[in-house]
Amino acid sequence: MSVLASVVTTGCIKETLPTGSSISAEQATASADALKSMTAAIHNYAANAEWANNDVHSFYGLPSIGVHREVMCNDFTIMENPYGWYSQFQTNQGLSSTSNHIQIFWLIYTKIIALSNDVIRMNPDLDAIVETNKGYVGAAYAYRALAMLEMAQMHEFKANKYVSKEGIEGLTVPYLHENMTVDYAKNNPRLTKAEAIEKIYELLDKAILLLDGHTPSTDKTLPDLAVAYGLYARAKLYEGDYAKAKEYAELALGAGSFSPLTQEQWTSTTTGFNDADSQTSWMLCIRTSEESSVVKTGIINFVSFMSAEQVYGYGGPGAGAFPMVDKRFYDQIPNTDFRKLSWKAPAGHELESKNTFVAATEDYPGSSALPEYAALKFRPGEGNPDDHQKGSATDFPLMRMEEMKFIIAECDARNGDASSLVDIVSTRNPEYTCTLTGTHLIKEVLLQKRIEFWGEGIVWFDYKRCPDLLTINRGYPGTNHSEAARFNCDGLAPWFNVPINGYEAQDNKALSETNNPDPTNTVALWVE
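Here is what the cut-offs are and how they apply
Residues numbered from 1 in each chain as written. Predicted model: local features only at pLDDT ≥ 70, side-chain atom pairs only at ≥ 80, totals over all residues. Heavy atoms only, no water. Helix = DSSP H or I, 4+ residues; strand = E, 2+ residues; numbered from the N terminus. Rg over C-alpha atoms; globule rule 2.2 N^0.38 Å. Buried < 20%, exposed > 50% of the residue type's maximum accessible area, 1.4 Å probe, protein only. Contact = heavy atoms within 4.5 Å. Areas by Shrake-Rupley, 256 points an atom, 1.4 Å probe, with all protein chains shown as cover. Lys, Arg positive; Asp, Glu negative; His and termini not counted. Charge placed at Lys NZ, Arg CZ, Asp CG, Glu CD. Polar contact = N/O pair within 3.5 Å; in protein donor to acceptor, adjacent residues only side chain to side chain. Pairing = 2+ DSSP bridges. 1 Å grid on protein atoms, 1.4 Å probe; cavity = no way out; pocket = protein on both sides within 12 Å on 5 of 7 lines; lining within 4 Å. Points joined across faces, edges and corners; volume = space filled by probe spheres on them. Nonpolar A, V, L, I, M, F, W, Y, C, P; charged D, E, K, R; others polar. Core = buried A, V, L, I, M, F, W, Y, C linked by side-chain atoms within 4.5 Å.

Caption draft 1: Structural view of the overall build of the protein chain. Within the protein chain, the regular secondary structure consists of 20 helices and six strands. Computed over C-alpha atoms, the radius of gyration of the protein chain comes to 22 Å, within 12% of the 24 Å expected from 2.2 N^0.38 for 528 residues, which places it in the range of a compact globule. Considering only C-alpha atoms, the protein chain reaches an extent of 65 × 50 × 45 Å along its principal axes. When the 528 residues of the protein chain are sorted by exposure, 62% land in the buried category. Counting contacts in the protein chain only where the partners sit at least 6 residues apart, residues at least 24 apart contribute 72% of the total. Approximately 18,900 Å² of the protein chain is accessible, and the part contributed by carbon and sulfur atoms is 48%. In the protein chain, the 43 positive side-chain charges and the 66 negative ones have mean positions that sit 3 Å from each other.

What follows is the structure in C-alpha cells.
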C-alpha cells in the first residue's frame, strides 16, 4: 500500500464530553456476557481509536499516545522526511490547545473513561455485584484509573523556565465520574495533583477489591489484580511515596506468574515485541487482528510508524520516516547488553554482525535499506514486511513486569541500595555491576529504564517526574536529531505540560482561564 498523506497540525475535531449514560435499556439489565462485551469495548476502543476522516494519521489508540510521548523525550528520533506526523512534538511547533494532536489526547482518554463509566454506573453497589460480574467491573475501574493517571501526569502544569501562567501550577484534570450531569461538566475545575491522586486511589481500591479472585480475561487485554497493583505502584511513584511504590510493585509481581523477556524473545524477527502470547513478561496489552480497523487502514497503526522493517507504512523504506535511537544514547549502552540489538548498529561496529533482521523479500529490500540506528525492536507481525494485514496485526504492551522491577530498583536506589537494579539489568547484560551511590545511582536506574522501555511510551513519565535528573539534550556534535528538533533544555521542557483540549475548555467554563499555556517556540534551537 502506498503512503499518501498531508500533515495537518491544526483544526477542529470538536466532540462533546460524554455525560450521563450511553448504554441501552437492555444493557442496563445486563448479564455477565453483556458486561464482558462492554469491557471488551474499552480495550477495542483503546486499540482502534483513529481520526483518518480528519486526515490525522498519527493516532491509533493508546499505542499512538505512547509514540507521541517518546517523540517528546530525548532518546527517540524520526528521520527527517515529508511525512512528519510526529514533527509537532519533535520541533515544538503547533502545540496550542486547539491543534489536532493536543485535542486527540483528551478525546481518547475521556472516551476510555466514558466506556468504563458505563460499566461502573450499572453496578453502583459493590456489595451487590454478583461473583460472575466482579472481574468485569473491577477491570472497568482499573481502566478508568489508568486513563485518569496518565491524563493527570500529562496535563499537570509544572514550573519550568520557559513558560508560566499564574494560578495553575500543580493543576491536573477535571474529575470525570460516572454520574456527571451536563451542568457539572460545564463547570468542572481541574483537580490538584493531590486531589487527582486521591481519586485514582479510590478507583484502584475498588478495582483491587473486585479483582481479587476474579480474572476478567486471560488474554491480557483487561486489567487483572496484578495490573491494578501495578497501577497503584505507578501512582505511588507519581506521588513520591517510594516505600509504597515498592510495596505495590512487589504485590503486582506476586499476583501473577511473570518472567523477564529473554534475549531470544526480545530479538525474535517474527514475534519480537509484537506477540503477547510468546512470553510471560507482559501484564496488560493492546491486541489487534486482521479485522481491526487500524490494521485495515494499512498505514494508521503502530507497525506502520514504529517498525522500520516493512514497506507499506510510514516507518519503513517506502516512506522513509524511520524510527531511530539517539546516537549518544546508543553509545552509552554496553555492547554486552542484548538490548543494544534493538537498533541497527553503524558500519564497522562490533554489533554489526550480531543484529538480526527480517528477511528480504521481492518487495522489501532488507537490512541494506535501513539507516544506521534504525529501530529493530518492534517487528512486523509474523516477520511479514509486505502484507499490512499480517504485518500490522500485532500486540503492544501497556504494562510489563520489568516496569515493576525498575520501580523497585528506583525505590531501593533512593535508599542507597543497588542490588535490585543489578538483579534486573544482569538478565540483559551478564557483565553488569553497579557501585554508584546517591544521585548517580538514581540516574543509573533511570538510564537502564530508558534502555528497557525505549519506544513504549513509559519513560516520559520519569522525564516529567524527575526534571532534575532527566533533561532534553538533543543538540551536540554528531547528533542524529533533525535540525529543527535540536533542543537543549534547562530543566523541564515546556512541552511536557500538555494543554487540555481547547474545545473542552470552551464548553467547561472552569477551564476557560486555567488551561496550560501554549509551549510552541519557547525554546531556542541548538546550532552547531
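Caption draft 2: The side chain of arginine 465, seen in detail. Structurally, the position occupied by arginine 465 is in helix α19 (residues 460-465). Of the polar contacts made by the side chain of arginine 465, one reaches the side chain of glutamate 410; its length is 2.8 Å. Excluding its chain neighbours within four sequence positions, the residues that come into contact with arginine 465 are Lys158, Leu237, Tyr238, Tyr242, Glu410, Arg414 and Leu446.

Caption draft 3: Expanded view of the pairing of strand β2 (residues 56-60). Of all five residues making up β2, five are buried, and the element is well covered by its neighbours. Inspection of the sheet shows strand β1 (residues 50-51) paired to β2 by two bridges, in the antiparallel sense. Bridge pairing in β2 places tryptophan 51 opposite valine 56. With antiparallel pairing between neighbouring strands as the criterion, β1 and β2 make up a hairpin whose turn holds four residues, including aspartate 55 at a positive phi of roughly 60°.

Caption draft 4: Quick peek at the side chain of aspartate 395. Locating aspartate 395 in the fold gives a position in strand β6 (residues 395-400). A polar side-chain atom of aspartate 395 sits 2.8 Å from the main-chain amide nitrogen of alanine 276. With near-sequence residues (within four places) excluded, aspartate 395 lies in contact with Phe273, Asn274, Asp275, Ala276, Trp282, Ile286, Arg287 and Thr288.

Caption draft 5: Representation of the layout of surface pockets. Its boundaries defined by the atoms lining it, the largest pocket holds a volume of some 330 Å³. Among the elements of the structure, α14 (327-332) and α18 (438-452) are those that each provide at least two residues to the lining of the largest pocket. The residue makeup of the lining of the largest pocket, split by class, is six nonpolar, five polar and six charged. Within this model, the second largest pocket holds a volume of roughly 240 Å³. Around the second largest pocket, the lining is made up of 18 residues, and of these Thr215, Asp224, Gly256, Phe258 and Met283 lie nearest the centre. Of all the secondary-structure elements, those providing two or more residues to the lining of the second largest pocket are α9 (225-239) and β4 (282-287). Ranked by the residues each element gives to the lining of the second largest pocket, the list is headed by α9, at three residues. Residue composition of the lining of the second largest pocket, grouped by class: nine nonpolar, seven polar and two charged.

Caption draft 6: Focus on the nonpolar core. Core analysis: the biggest nonpolar cluster contains 169 residues, and Trp51, Leu62, Ile108, Met404, Leu421, Trp495 and Phe496 have the highest contact counts within it. Looking at this core element by element, the count peaks at 15 residues for helix α6 (residues 131-155). Not counting chain neighbours up to four residues away, the residues in contact with tryptophan 495 comprise Met72, Asn92, Leu95, Ile472, Arg474, Phe487, Cys489, Pro519 and Val523.

Caption draft 7: Main features of the environment of proline 189. Summarising the element assignment, proline 189 is placed in the loop between α7 (182-186) and α8 (193-211). Proline 189 sits in the partly exposed class, given a relative accessible area of 44%. With 63 residues separating them in the primary sequence, proline 189 and leucine 126 have C-alpha atoms 28 Å apart. Leave out the neighbours within four places in its chain, and proline 189 touches Val173, Pro174, Tyr175 and Ala510.

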